[in-house]
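Residues per chain, in single letters:
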Amino acid sequence: MIPARHAALFFVALEDIAGIAPFGGGHVNDTFLLTLTTGEERILQRINPEVFPDPALVMRNLRLVTEHLRTGNSARADDAPPWQPLALYEGAGGDTYLAEDGAAWRLLNRIRGGHPRQAIGTAQQARELGRALGYFHRTLASLDSALLADTLPGFHVTPRYLARYDQVQTRTEDRAGQESLFCRQFIEQRRATASLLEMRRGELTSRIIHGDPKVANFLFDDEGERVISLIDLDTVKPGLLLHDLGDALRSCCNPTGETPADPERVFFAPDLFAAWLAGYRSEARALLSGEDLRLLIEAVALIAFELGLRFYTDHLEGNRYFKVTEPGQNLRRALTQFQLTRSIEHQRDKLTAIAATVAG
Ligand code: GN1
Ligand code: MG
């Protein structure tokens, strides 16, 4: 991998650079904050080729999507703050990325006054997250999904992750210990549910989805209450709306975040669920079908389970996919998602009743 400073020179002149520093908490790509001598800030990013085998396709999707979000003319609700779209900068020869040894480097705007959160705590914030994803879906519903490539084939196909887990767990030694035992039992008990969304795919709504609408990818304004942007568009591609709703809700309704001090205490908050769903429906009511709504709770539990399975498999494989900063981190991330799955399962009836009321 070339140094970030070297990549930056594809986009800006050396004398215009005041500093470059690692930035953000992404698990997959390498991200840097580039500060110019004018004081302006940009986001410099290297797309991880181990995860995205064809970064050129990622960049093509990104160009189409950012352009559509900028010009798609989709009004936000009257009381919503202006949406701040992501934008790409051109580099040498007008290209939007530097190809380097299978990877791609790109330069994006830093959203002014935008602040990420790792978790949220109030119903108002949950409602804002729901509204923002609803706005995003509604705006991209007018972009022809056939124009977008599938940059990560099989991304939310849970049985595929299960098959990978099955391969890995037979040949790893690192599966002793209480926590690992818990994970293995947890996975076995839910094996049969893994194909739920795949089996029903034909009956569910397909649209352009974000693919990774976790809390940390929404930017809040300076006061921390209103969402002004949605970042990390690498996984935007055609998919099931329920993939996005499942992922957004498993993240939004977990007030302890993805790396709590004690995974045992993780729970799924019904009040945040109700607020999120009301916010989403205020922007995108027409997109969801009755069948989508009927499977909503199962989808949230499934995406939480899927992410736990991905983290645990990566732990067994030696953390090759998700970056870690300390040993055992992917195991703890897995325990967190499994605990969350269990909390959703325990509250199934209550959550179903909430969904029926909000959607009714
Ligand atoms: C990964 O790279 P990052 O942190 O934006 C992952 C998502 C997970 C998320 C969990 C391409 O996203 O699927 O839900 O971590 N992205 C990819 O934090 O695998
Ligand atoms: Mg991501």
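Just above sits the structure.
As the structure is a prediction and not an experimental result, all values here were calculated from the model.

### Section: the coordination of the magnesium ion (ligand 2)
Within the first shell, the magnesium ion (ligand 2) binds the protein through Asp212 (OD) and Asp232 (OD), at distances of 1.9 to 2.0 Å. You can see aspartate 212 sitting in the loop between strand E7 (206–209) and strand E8 (218–220) and its partner aspartate 232 sitting in the loop between strand E9 (227–230) and strand E10 (237–240), a full 20 residues away along the chain. In this structure aspartate 212 comes out as buried when scored by relative accessible area, which is 18%.

### Some words on the site of ligand 1
What surrounds ligand 1 is a group of 16 residues, the closest being Lys214, Asp232, Glu258, Arg310 and Tyr321. Between ligand 1 and histidine 27, the relevant distance is 2.9 Å, taken from an oxygen atom to a main-chain nitrogen or oxygen of the residue. Between ligand 1 and the protein, one listed contact pairs an oxygen atom with a side-chain N or O atom of aspartate 232 at 2.8 Å. When isolated, ligand 1 has an accessible area of 450 Å², and the protein chains bury 94% of it. Grouping the constituent residues of the shell around ligand 1 by class yields seven nonpolar, three polar and six charged. Each of domain 1 (4–68 + 86–110) and domain 2 (116–358) contributes no fewer than three residues to the shell around ligand 1.

### Section: the sheet that holds E8
Overall, antiparallel pairing links the three strands, which are arranged E6-E8-E9 in an open sheet. If you trace the sheet from one side to the other, it starts and ends with strand E6 (115–116) and E9, each paired once.

### Remarks on helix H3 (residues 123–140)
Here H3 spans 26 Å end to end across 18 residues, near enough to the 26 Å set by a 1.5 Å rise per residue. Summarising burial for H3: 14 of the 18 residues are buried, a large majority.

### Description of unusual backbone geometry
The phi dihedral of aspartate 101 falls on the positive side, at around 50°, and the residue is not glycine. With respect to the secondary-structure elements, aspartate 101 resides in the loop between strand E4 (98–100) and strand E5 (103–109). Positive phi, close to 60°, is recorded for asparagine 319, a residue that is not glycine. According to the relative accessible area criterion, asparagine 319 is partly exposed, its value standing at 27%.

Cut-offs applied
Residues numbered from 1 in each chain as written. Chains lettered and ligands numbered in written order. Predicted model: local features only at pLDDT ≥ 70, side-chain atom pairs only at ≥ 80, totals over all residues. Heavy atoms only, no water. Donors = N, O, S within 2.8 Å, 3.2 Å for Na, K, Ca; no water. Helix = DSSP H or I, 4+ residues; strand = E, 2+ residues; numbered from the N terminus. Buried < 20%, exposed > 50% of the residue type's maximum accessible area, 1.4 Å probe, protein only. Near = heavy atom within 4 Å. Polar contact = N/O pair within 3.5 Å; in protein donor to acceptor, adjacent residues only side chain to side chain. Areas by Shrake-Rupley, 256 points an atom, 1.4 Å probe, with all protein chains shown as cover. Nonpolar A, V, L, I, M, F, W, Y, C, P; charged D, E, K, R; others polar. Domains from an automatic or database assignment. Pairing = 2+ DSSP bridges. Expected span 1.5 Å × (residues − 1).

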